[in-house]
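One-letter residues, chain by chain:
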Amino acid sequence: LLGGDEMQQDMLDQTLLVAVLQAAQVPVANEVTDEVAPYEGDDPSVLYHLWLARALVNERCSRRSLSPQTWEWHSRVHHRLGKKAIADVSALRALDLGLRQGGKDAN
């Protein structure tokens, strides 16, 4: 894999994930948003990136299970896939970990 310390690798992982989320038309801003609407189109590029985003965010959740931002991204991807139950649990996990509540490492 790539060299560098853990922080550099994490930044590269986040950059890749955000790029894939954007290609999958998943909102990535840190602001509070309404529920993300499920994707109803048939553009193969968006569908490909949506499934890739799902794989990347699931992998990130396994490595960074205490990151509220990771769980927020997990929620948004699953909302976009139409998996509301999974998305709601992920959103609650993000809030439990301190998302949008201020403080150190709360994003």
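Definitions and cut-offs
- By convention here, each chain's residues receive numbers from 1 onward along its written sequence.
- The model is predicted, so local features are restricted to residues of pLDDT at least 70 and side-chain atom pairs to those at 80 or more, both for listing and for counting; the totals for chains, interfaces and linings are taken over all residues.
- Side-chain descriptors were evaluated using all non-hydrogen atoms of the structure, hydrogens and water having been removed beforehand.
- Starting at the N terminus, helices and strands are each numbered in turn, a helix being any DSSP run of H or I of at least four residues and a strand any DSSP run of E of at least two.
- A simple rule labels every residue: compare its accessible area, found with a 1.4 Å probe on the protein chains alone, to the largest value its type can have, and call it buried under 20%, exposed over 50%, or partly exposed in between.
- Only heavy atoms enter the contact rule, under which two residues are in contact if any of them lie within 4.5 Å.
- Throughout, the Shrake-Rupley method with a 1.4 Å probe supplies accessible areas, and for residues the shown protein chains are the sole cover considered.
- Under the convention used throughout, the expected extent of a helix is 1.5 Å for every residue step, that is, one less than its residue count.
- It is the directions from the helix axis to the C-beta atoms that the arc portrays.
- Buried Ala, Val, Leu, Ile, Met, Phe, Trp, Tyr and Cys residues that are joined via side-chain atoms within 4.5 Å together make up what is termed a nonpolar core.
- Note on definitions: salt bridges are taken to be side-chain nitrogens of Lys or Arg within 4 Å of carboxyl oxygens of Asp or Glu.

Concerning the overall build of the protein
No. 1: Broken down by element type, the protein carries four helices and zero strands.
No. 2: Considering the protein as a whole, with its 107 residues, one finds that 35% of them fall into the buried category.
No. 3: In the protein, the share of contacts with a sequence separation of at least 24, taken over all contacts with a separation of at least 6, comes to 61%.
No. 4: Working note: accessible area of the protein is about 6,600 Å², and carbon and sulfur atoms make up 56% of it.

Comments concerning helix α3 (residues 68-80)
No. 1: For α3, spanning 13 residues, the distance from its first C-alpha to its last is 19 Å, which sits close to the expected 18 Å at 1.5 Å a residue.
No. 2: The element α3 is extensively covered by neighbouring structure, given that 13 of its 13 residues are classed as buried.

Describing helix α4 (residues 84-96)
Each turn of an α-helix holds 3.6 residues, which means side chains three or four residues apart point in the same direction.
No. 1: The end-to-end C-alpha distance of α4, which contains 13 residues, comes to 18 Å, matching closely the 18 Å that a straight helix rising 1.5 Å per residue would cover.
No. 2: The set of residues buried in α4 consists of A87, S90 and A94. Projected down its long axis, α4 carries its buried residues within an arc of 65 degrees, all on one side. What points out from α4, more than 90 degrees from its buried face, is the exposed set A85, V89, L92 and D96.
No. 3: Buried residues belonging to α4 abut α3.
No. 4: Positive phi appears at G98, one or two residues downstream of α4, with a value of about 105 degrees.

A short note on the environment of L97
No. 1: One can find L97 in the segment after α4.
No. 2: Overall, L97 belongs to the partly exposed group, its relative accessible area being 23%.
No. 3: Put simply, L97 and S67 are 30 residues apart on the chain and 7.1 Å apart in space, counted from C-alpha to C-alpha.

Quick look at the nonpolar core
No. 1: Core analysis: the largest hydrophobic core is formed by 14 residues, its most contacted members being L21, L50, W73 and V77.
No. 2: Looking at this core, the elements that each hand over two or more residues are α1 (6-23), α2 (44-63) and α3.
No. 3: Of the residues forming this core, the biggest block, four residues, is contributed by α2.
No. 4: In this structure L50 touches A24, V26, Y39, V77, R80 and L81, once residues within four positions along its chain are discounted.

Re the environment of L66
No. 1: Within the fold, L66 resides in the loop between α2 and α3.
No. 2: Separated by 28 residues in sequence, L66 and A94 place their C-alpha atoms 8.7 Å apart.
No. 3: Not counting the four nearest positions on each side in its chain, L66 is found in contact with R93 and L97.

Quick word on the pattern of salt bridges
No. 1: In the structure shown here, the tally under the stated rule is seven salt bridges.
No. 2: Two residues, R63 and E59, come together in a salt bridge whose shortest N-O distance is 2.5 Å. A residue pair is termed a helical-turn pair when its members lie 3 or 4 positions apart in one helix, as R63 and E59 do in helix α2 at four residues.
No. 3: Its relative accessible area of 39% is what places R63 among the partly exposed residues.
No. 4: Within this structure, E6, D10, R60 and R64 form a network of salt bridges that share partners.

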